[in-house]
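A structural walkthrough
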Amino acid sequence: GPALLEAMTYRFRGHSMADPARYRQRAEVEEFQQTDPIPSFQRYLQNEGLLTDADVARIEQEVEKVVAEAVKFSEESPEPDLNTLTDHIYAHPVGEDRHA
């Protein structure tokens, strides 16, 4: 049935490439890096013998490949039509014609 999963996370970098995140102390960032759920889960799996260094290397290679393919697709895709700029922003009641 339905479930709710709340993932409490921390953004280690600024909001964009233009945001150097100078409003955070280095110690604060380092503290949250120690409890980041991804490396914490990786350590847990490795300590339990469920994940090897080879597994980690394979997963990292797969992720790099998927990201590289996504970037290539994005860079090679045509710019979207400006008329679609606001598509899929608002939900519409069932039966309502969103183009009316």
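Residues numbered from 1 in each chain as written. Predicted model: local features only at pLDDT ≥ 70, side-chain atom pairs only at ≥ 80, totals over all residues. Heavy atoms only, no water.

Points about the overall build of the protein
Counting its regular elements, the protein contains 3 helices and 0 strands. The C-alpha radius of gyration of the protein comes to 21 Å, more than 25% above the 13 Å expected for a compact globule of 100 residues. By principal-axis analysis of the C-alpha atoms, the protein measures approximately 60 × 40 × 35 Å. Within the protein, buried positions represent 10% of all 100 residues. Looking at the protein as shown, the accessible area adds up to about 9800 Å², and 56% of this sits on carbon and sulfur atoms. Each charge class in the protein was averaged separately, 10 positive and 20 negative side chains, and the resulting centres sit 5 Å apart. (Helix = DSSP H or I, 4+ residues; strand = E, 2+ residues; numbered from the N terminus. Rg over C-alpha atoms; globule rule 2.2 N^0.38 Å. Buried < 20%, exposed > 50% of the residue type's maximum accessible area, 1.4 Å probe, protein only. Areas by Shrake-Rupley, 256 points an atom, 1.4 Å probe, with all protein chains shown as cover. Lys, Arg positive; Asp, Glu negative; His and termini not counted. Charge placed at Lys NZ, Arg CZ, Asp CG, Glu CD.)

A look at the side chain of D19
Mapped onto the elements, D19 comes out in the segment before helix 1 (26-34). For the buried D19, which has no salt bridge, the nearest side chain bearing the opposite charge is R11, at an N-O separation of 4.7 Å. From its side chain, D19 meets the backbone nitrogen of H15 in a polar contact 2.7 Å long. Only 2.9 Å separates the side chain of D19 from the backbone nitrogen of A21, close enough to count as a polar contact. (Salt bridge = Lys/Arg side-chain N within 4 Å of Asp/Glu carboxyl O. Polar contact = N/O pair within 3.5 Å; in protein donor to acceptor, adjacent residues only side chain to side chain.)

Focus: helix 2 (residues 37-47)
The N-terminus of helix 2 is capped by D36, whose side-chain oxygen sits 3.1 Å from the backbone nitrogen of I38. Note on helix 2: the residue one or two positions beyond its end, G49, has a positive phi of about 75 degrees.

Overview of a nonpolar patch on the surface
Among the surface-exposed residues, I59, V63, V67 and V71 lie close enough to one another that they form a single nonpolar patch of about 300 Å² accessible area. In this structure, V71 sits in helix 3 (residues 53-76). (Patch = residues over 30% accessible without salt bridge, like charges linked within 9 Å, V, L, I, M, F, W, Y side chains within 5 Å.)

Topic: the confidence of the model for the protein
On average, residues of the protein score 89 in pLDDT, and 91% of them are at 70 or above. Per-residue pLDDT, averaged within each element of the protein, yields its smallest value for helix 1 (91) and its largest for helix 3 (97). (pLDDT = per-residue confidence, 0-100.)

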